[in-house]
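# Results of the structural survey
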Amino acid sequence: MVDTGIYERVVTELSARLIGAQHDDVAPEIEAALERIARTLQIDEVSFFSGDEEGRLAMSFAFVKPGLEPPRALGAPGHPGRGSWLGQQLREGHTVTFSSLEELPPPADAERQALAGRGVKSGLLIPLLDRQTLRHVIAFFAHEQRHTFTAGQVSRLRLLGDLLGAAVHRQRSDRSIAELTARLQDENTYLRSELAAPGDGHRIVGDSLALEAVLHKVEQVASTDAPVLLLGETGTGKELFAHAVHDASRRSERSLVKVNCAALPATLIESELFGHVKGAFTGATTDKRGRFELADGGTLFLDEIGDMELSVQSRLLRVLQEGEYEPVGSAETRTVDARVVAATNRDLGRAASEGRFRPDLFYRLNVFPIELPPLRDRKEDVEPLVRHFVERGNQRLGRAVETIPAPALDLLLHYDWPGNVRELQNVIDRALIVSRGVELELEASFLASGASGPTAAQGVSAVDSLSPPPLLTLAEAERRHILSVLQACQWRINGDGNAAEHLEVHPSTLRHRMKKLGIERPDPPA
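Structure report, in brief. Small disclaimer: the values here were computed from a predicted structure and weren't measured. All residue numbers refer to positions counted from 1 along the written sequence of the respective chain. Confidence filtering applies because this is a predicted model: local features only for residues at pLDDT of at least 70, side-chain atom pairs given and counted only at 80 or more, and all residues used for totals across whole chains, interfaces and linings. Hydrogens and waters are ignored; side-chain quantities use all the structure's heavy atoms.

## A word on helix α8 (residues 266-274)
- Here α8 has its buried residues at Ile 269, Ser 271, Glu 272, Leu 273 and Phe 274.
- Two residues form a contact once any of their heavy atoms are found within 4.5 Å. Put simply, DSSP marks the helices as runs of H or I at least four residues long and the strands as runs of E at least two long, and each gets a number from the N terminus on. Looking at the buried positions of α8, the neighbouring elements they touch are β7 (256-260), α9 (291-294), β8 (299-303), α10 (310-322) and β9 (324-325).
- Positive backbone phi, approximately 80°, marks Gly 275, located one or two places after α8. Only protein chains enter the area calculation, which uses a 1.4 Å probe; residues under 20% of their type maximum are buried, those over 50% are exposed, and those in between are partly exposed.

This is how it looks when you write it as C-alpha cells:
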C-alpha cells in the first residue's frame, strides 16, 4: 500500500511542474511524471494515449521499466484499439481494472492473450472524456507481481490523467499558436521584402488582340487549381501573368510566393522550396520554413523552372501529385495545398526528350500552357506601355516628363524589342534619367541594337536614318541590355538608382546574370 501523503506530494509536485512548464518543456515533464508515478505505485508500465475527434487513439507518452517489452503499437490486441472489447469499454467511459487476467470477461479473450504474452499480471485503464468524446487514456500495468488498484488510487490517478491531458492540450495549443505566429512572421517578412523590391504593380497594359487572347486563357484557368505553365521569351511579363492567374483565383486572399529557380544554386534550391531543420547542413542554425509552406493555401510561382536541377524536379513532382514533402534534414512528412504556376523561356518538351527535364514533371506542368506573345507581335501595345512607364517612372525617378515627341515614338514603334516589355521599360527609364524638361529625350543609341542617328530629343525622326537591326541571340540581346543599364547607372548595383532596381531584379540575381553573360566592370582610367 502506497502512503497517501507521499502520493499527494507527488501529484502536487507534478502539478506545479506541469503548470509552470513552457510548451517545449511539457513533453519531458510528462515523461518524467509517468516514471515518477510508476515508481511511486511500484508498477512497471504507465502509458498515455491521446485521441482525435473520432475517438481513435495514438500512443503519446510511455514509461516502461528497463528490461521489459515496450508498449505495442496502438490497435494491437490488448491495447485500447478501435475494434477491441477494451476500446469499446473506454469509449463508453468505463474504467477497466483487473488484479489478474482471469478477471477479464470472455469478450476480452483477445486482450487477455495479448497481455499474457507481454507478461502483464494486473492493469488499470482510465478513460478521459470531454463532451462524451474519448480524448485520452492513461494505462497502468504491473508485470512482475500482481497489483490491486484501490478506489482511492483510481480516483487520484484519474486526477493525474486529467492533469496530464490538460498539459497535452496546452502543449498542442501553444505549439499551434507558436507555429501560426512563426508562419505569420515569415509571411510578413516575405511580403515586406516584396513590397520593398522595385516593381510596377500587377497591371497588364495593352489592348492588342494577342494580349486579349492571353487574358482570355488566364480567365479560363484561374478558377481551377490546375497548374499553369507560362511560356515565352525573356521580358514578356510572366510574373505579371502569374499574378493575374492568382488574383482571379479563389486563392487570391492568400499570398503569391515567388521563387527564381535560376537565381539560386542547386545546393540551396531544395531548402528554399521545402525548408530545412536546424543542423540539416553547415549554416543551418535554425529551422526554416520553405516557400511551399509560405504558399500553403495560395500560389507558388516558379520562375525559370527550366533551370531547375533534376534532383529537385523529382521532389517537386511528388508535391504536385501528392501534396507531400519533407524539409531538408527531416523525416517528417508535411502536407501542403499550394497551386503552382511555372514559367520558362526554354523549350521544356525538347529538354524532356533530351533528358534535361523530367518528362513526367513536364506533362504535369503542361496541363494548361499559356504562350505569352513577344512585344514585336503586339506593336499596338507599345504606345500605351510607353505612356504607362513614363508616368510611373516620373514618380520613381523624380522627373516631370509630359510629352513624347513623335520621332521618339516612331523610333520605339519600329524597333523589334528582343528584350520585350522589360527592355522597353528600361529604355524609357534611361530616357527619363537624361531628360531635364517636360519632353522625353530618347536617343537611338539607347536601344540594344546600337542603332544610331539623330536623337528624338533633337526633333528629328531617328527612323529615317535607322537601318534594320541585326538579328541577335537572346543571350546577346540580354547582355547588351544589361550592359546599357549598368552604364546608365554608372555601374551601381546597390544604393539609390542602381541597375538592379531598374532591371527589377535582386542585386545578387544581377551579379549572377553578369557572371553568366561575361559582363565585367571596366577598370577606371589611370
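Next comes the rest of the account.
## Here we look at the sheet that holds β8
- Two strands are said to pair when DSSP picks up at least two bridges between them. Strand order in the open sheet made by the five strands is β7-β8-β11-β6-β12, with parallel pairing throughout. Single-partner strands in this sheet number two, and they are β7 and β12 (369-371). Strand-to-strand twist in this sheet, taken as the mean axis angle between neighbours without regard to direction, amounts to 20°.
- Bridge count between strand β6 (residues 228-231) and strand β11 (residues 339-344): four bridges; the pairing is parallel. Its bridge partner being in β11, Leu 231 is matched across the sheet by Thr 344.
- Helix axes use the C-alpha atoms of the stretch in contact, all axes being lines fitted to C-alpha atoms, and the angles between their N-to-C directions lie in the range 0 to 180 degrees. Each of β6, β11 and β12 is contacted by helix α6 (residues 209-222), which is oriented at about 165° to β12, the strand it contacts most.

## A look at the environment of Glu 144
- Assignment of secondary structure puts Glu 144 in the loop between β5 (133-142) and α5 (151-196).
- Each C-alpha atom of the pair Glu 144 and Ile 43 lies 8.1 Å from the other, and the pair is 101 residues apart in sequence.
- Among residues more than four places away in sequence, those in contact with Glu 144 are Asp 44, Lys 65 and Lys 121.
- Within polar-contact distance, the side chain of Glu 144 engages the side chain of Lys 65 at 3.4 Å. Under this definition, polar contacts are N or O atom pairs within 3.5 Å; protein pairs additionally need one hydrogen-donor-capable and one acceptor-capable atom, and for neighbouring residues in sequence, both atoms have to be side-chain atoms.

## Focus: the pattern of salt bridges
- Any carboxyl oxygen of Asp or Glu that lies within 4 Å of a side-chain nitrogen of Lys or Arg is treated as forming a salt bridge with it. Tallying each qualifying case throughout the model produces 28 salt bridges.
- Lys 288 is the partner of Glu 272 in a salt bridge, and the nearest nitrogen-oxygen pair spans 2.9 Å. Pair noted here: Glu 272 is in helix α8 and Lys 288 is in the loop between α8 and α9, with a separation of 16 residues, a long-range link.
- The class for Glu 272 is buried, based on a relative accessible area of 13%.
- Lys 288 sits in the partly exposed class, given a relative accessible area of 32%.
- Of the charged contacts in the structure, one is a salt bridge between Glu 354 and Arg 356, with a shortest N-O distance of 2.5 Å.
- Since its relative accessible area comes to 45%, Glu 354 is described here as partly exposed.
- With relative accessibility at 43%, the residue Arg 356 sits in the partly exposed group.
- Salt bridges linked by common partners bring Asp 225, Arg 250, Arg 251 and Asp 337 together as one network.

## Description of the nonpolar core
- Counting residues in each nonpolar core, the largest one holds 32 residues, and the members touching the most others are Leu 273, Phe 292, Leu 302 and Ile 305.
- A per-element tally of this core places α10 first, with five residues.
- Leaving out residues up to four positions away in the same chain, Leu 302 has contacts with Val 259, Cys 261, Leu 273, Leu 316, Val 340, Val 341, Ala 342 and Ala 343.
- To form a nonpolar core, buried Ala, Val, Leu, Ile, Met, Phe, Trp, Tyr and Cys residues must be joined to one another through side-chain atoms within 4.5 Å. Counting residues in hydrophobic clusters, the runner-up holds 27 residues, among them Leu 34, Ala 38, Ala 142 and Val 168.

## Details of the sheet that holds strand β3 (residues 96-98)
- Strand order in the open sheet made by the five strands is β2-β1-β5-β4-β3, with antiparallel pairing throughout. Edge positions in the sheet fall to β2 (57-64) and β3, since each has one partner strand and no second. The average undirected angle you get between the axes of adjacent strands in this sheet is 15°.
- With three bridges joining them, β3 and strand β4 (residues 122-130) adopt antiparallel strand pairing. Its bridge partner being in β4, Val 96 is matched across the sheet by Leu 125.

## Considering unusual backbone geometry
- Positive phi outside glycine occurs at Glu 304, with the angle close to 55°.
- Assignment of secondary structure puts Glu 304 in the loop between β8 and α10.
- Judged by its relative accessible area of 22%, Glu 304 falls in the partly exposed class.
- Even without being a glycine, Asn 420 presents a positive backbone phi close to 60°.
- Mapped onto the elements of the fold, Asn 420 is located in helix α15 (residues 420-434).
- With relative accessibility at 0%, the residue Asn 420 sits in the buried group.

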